[in-house]
Amino acid sequence: MDNLRLADPEIFAAIRRERRRQEEHLELIASENFASSAVLEAAGSILTNKYAEGYPDRRYYGGCEHVDAVERLAIGRARELFGAEHANVQPHSGTQANLSVYAAVLRPGDKILTMSLIEGGHLTHGHGKNLSGMLYSVVHYGTDPETRRIDYAAMAQLAERERPRLVTVGASAHPREIDFHRVAEIAHGCGALVLADIAHIAGLIAAGLHPSPVPHCDFVTTTTHKTLRGPRGGLILCKEKFARAIDSAVFPGNQGGPLMHIIAAKAVCLLEALQSSFGDYQRRVLKNAQALARSLLECGMELVSGGTDNHLLLLDLRRTFPEMTGKQAQNLLGKVNVTANKNTIPGERRSPVETSGLRIGTPAVTTRGMGEMEMEQIGRWINKVLSTPQPEATLEEVQAAVVAMCRRFPLPYPML
Ligand code: DSN
């Protein structure tokens, strides 16, 4: 980064500080990961210079022959990895992928049946302050109050009564397996289409460690930077019969020029995900999540649904730490270089800014090479920091131990 250092010392300095933060902190945000150097090189390549509105062989600009090749590779790999009939690799984000699906098949005022953000869904699943909640009429299903798993029976009753045009299923904070087959049966049974948003679990699905929605659901969206471990971006998979509607909803419907450097980086991450080593990585993500859950439960902590089937855990602070908000827990852990995020939990009574939960995930620490022993230790540290009456006294000691652990698992990037 010698050119950047000379051209813009302030930005260079900020990147260098962030490089060090990533090295010396335990990254437990469930939606983050460390992309490979190959992905970063593609994302930082000269493809950023190219305008390519349209699709391969159907562009509105000249000179697109090489970016056409890039986009075709990305599309082919996405289809192969997920066994999908059609793929659109242009969405700039998961949000734009979801909004594009809505735009393709809904009219303003149409009804969607979705899980709310508080229950574990996503902003784009009909939140009132998101376009999805402003444009469409939203009905929410949720989780069973006992098991905190998706309540499919209630979903079926709602679908029958409300007759939505589209059912959305998928989550940003749900630790349990999702029965996409059952959701598709419910949706199709009442004449609705179904969108599976697999942003969080895409890597697990690609590795065959979570049942795939692709054979059952009309549309599948994902981001490419979470468990899939690629560049920040989105992706849509669908049945061939919806290909034209989806492509035109993405461009010109929702976006202009595609980010060809990011599409190249998506292609690289999809190739990585097609290798057998990617399956090994995803298996370790799951084992690590189990080990971390075990450790937290042994310390007396409470997890939403009692555990996890995937890469994330939701700590329910209400009984064990009734006075502590998720925001306070996040800040306390931040002081010992452990990064996680406050999160609402099903049945939440606090505001989304305060929350009663903390979301913790294992994809990033697993990429660093950490294993079950480290997860057990991390669980004990989280407990120690949150439960010590005068935490200030213990913070320095835990922080030093966290940094020492991080040094044993360096990131695969050059220091700046
Ligand atoms: N912000 C993402 C997450 O953290 O899950 C969802 O968009």
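Each remark here, short or long, concerns the structure printed above.
Definitions and limits used
- Residues numbered from 1 in each chain as written.
- Predicted model: local features only at pLDDT ≥ 70, side-chain atom pairs only at ≥ 80, totals over all residues.
- Heavy atoms only, no water.
- Helix = DSSP H or I, 4+ residues; strand = E, 2+ residues; numbered from the N terminus.
- Rg over C-alpha atoms; globule rule 2.2 N^0.38 Å.
- Buried < 20%, exposed > 50% of the residue type's maximum accessible area, 1.4 Å probe, protein only.
- Near = heavy atom within 4 Å.
- Polar contact = N/O pair within 3.5 Å; in protein donor to acceptor, adjacent residues only side chain to side chain.
- Areas by Shrake-Rupley, 256 points an atom, 1.4 Å probe, with all protein chains shown as cover.
- 1 Å grid on protein atoms, 1.4 Å probe; cavity = no way out; pocket = protein on both sides within 12 Å on 5 of 7 lines; lining within 4 Å.
- Sits in = over half its atoms within 2 Å of the grid points.
- Nonpolar A, V, L, I, M, F, W, Y, C, P; charged D, E, K, R; others polar.
- Pairing = 2+ DSSP bridges.
- Salt bridge = Lys/Arg side-chain N within 4 Å of Asp/Glu carboxyl O.
- Points joined across faces, edges and corners; volume = space filled by probe spheres on them.
- Patch = residues over 30% accessible without salt bridge, like charges linked within 9 Å, V, L, I, M, F, W, Y side chains within 5 Å.
- Axes fitted to C-alpha atoms, helices over the stretch in contact; angles between N-to-C directions.
- Contact = heavy atoms within 4.5 Å.

Undergrad: Talk me through the overall build of the protein chain; I want residue IDs and the actual numbers.
TA: Each helix and strand in the protein chain was counted, giving 16 helices and 14 strands. What you see for the protein chain is a C-alpha radius of gyration of 22 Å, in line with the 22 Å of a compact globule of 416 residues. Along the three orthogonal principal directions, the C-alpha set of the protein chain runs to about 65 × 60 × 35 Å. Relative to its full complement of 416 residues, the protein chain shows a buried share of 56%.

Undergrad: Give me the site of the ligand: which residues, what numbers.
TA: Close contacts around the ligand come from Ser 31, His 122, Ser 172, His 200, Lys 226 and Arg 359, and that covers them all. Between the ligand and His 122, the relevant distance is 2.7 Å, taken from an oxygen atom to a side-chain nitrogen or oxygen of the residue. Surface burial for the ligand is 62%, taken as the share of its 230 Å² of free accessible area covered by protein chains. One can see that the ligand is located within the second largest pocket. Classifying every residue of the shell around the ligand gives no nonpolar, four polar and two charged.

Undergrad: Could you give an account of the pairing of strand E9 (residues 219-223), naming the residues involved and the relevant values?
TA: Counting buried positions along E9 gives five out of five residues, so the element sits mostly inside the fold. Across the two faces of E9 the burial is the same, with Phe 219, Thr 221 and Thr 223 and Val 220 and Thr 222 all buried. Where strand E8 (residues 193-197) meets E9, three bridges bridge the pair, whose relative direction is parallel. Each residue of the ladder has a partner; that of Asp 197, found in E9, is Thr 221.

Undergrad: Kindly report on the pattern of salt bridges, identifying the contributing residues and their values.
TA: A pair can form between side chains of opposite charge whenever their charged atoms are brought close. Tallied over the full model, the rule gives 23 salt bridges. With its nearest N and O atoms 2.8 Å apart, the salt bridge here joins Arg 21 to Glu 18. Residue Arg 21 and its partner Glu 18 are located together in helix H2 (residues 9-24), separated by three residues, close to a single helical turn. Arg 21 gets classed as partly exposed once you look at its relative accessible area, which sits at 27%. In this structure, Asp 316 and Arg 318 form a salt bridge, with 2.8 Å as the shortest nitrogen-oxygen distance. A network of salt bridges, in which partner residues are shared, links Glu 18, Arg 21 and Glu 27.

Undergrad: Any chance you could break down the layout of surface pockets for me, citing the residues and the numbers?
TA: In this structure, the largest pocket encloses a volume near 960 Å³. Considering the residues around the largest pocket, the lining is formed by 28 residues, among which Met 1, Ile 15, Gln 22, Leu 40 and Tyr 413 are closest to the centre. At the level of secondary structure, the elements contributing two or more residues to the lining of the largest pocket comprise helix H1 (2-7), H2 and helix H3 (37-43). Top element by residues in the lining of the largest pocket is H2. It accounts for six residues. When its volume is computed, the second largest pocket comes out at roughly 530 Å³. Surrounding the second largest pocket, 31 residues form its lining, Leu 117, His 122, Ser 172, His 200 and Arg 359 being those nearest its centre.

Undergrad: How would you summarise a nonpolar patch on the surface if you had to cite specific residues and measurements?
TA: A cluster of nonpolar side chains, Met 1, Ile 11, Ile 15 and Leu 416, forms an exposed patch at the surface whose accessible area comes to about 330 Å². Structurally, Met 1 is set in the segment before H1.

Undergrad: Summarise the sheet that holds strand E11 (residues 312-316); cite the residues concerned and give the values.
TA: A sheet is described by the order of its strands in space; here three strands give the open sequence E11-E14-E13, paired in antiparallel fashion. Taken across any chain shown, the strands that pair with only one partner, and hence form the sheet edges, are E11 and strand E13 (341-343). On average, each strand axis in the sheet is inclined to that of its neighbour by 35 degrees, with strand direction left out of account. Of the strand pairs in this sheet, E11 and strand E14 (residues 357-361) are connected by five bridges, and their pairing is antiparallel. Paired with Leu 313 across the strands is Ile 360, a residue of E14. Together, E13 and E14 form the strand contacts of helix H13 (residues 326-335), whose direction differs from that of E14 by roughly 45 degrees.

Undergrad: An account of unusual backbone geometry is requested, with residue identities and associated values reported.
TA: Following Phe 251, the chain continues into Pro 252 via a peptide bond in cis, with omega recorded as 10 degrees. Mapped onto the elements of the fold, Pro 252 is located in helix H10 (residues 243-254). The backbone of Asp 57 sits at a positive phi, close to 70 degrees, despite the residue not being glycine. Of note, Asp 57 is situated in the loop between strand E2 (54-55) and strand E3 (58-59). In this structure, Thr 355 takes a positive phi of about 65 degrees despite not being glycine. By secondary structure assignment, the location of Thr 355 is in the loop between E13 and E14. Among the residues examined, Thr 355 registers a relative accessible area of 1% and is labelled buried.

Keep in mind that these numbers describe shape and distance, not what the molecule does.
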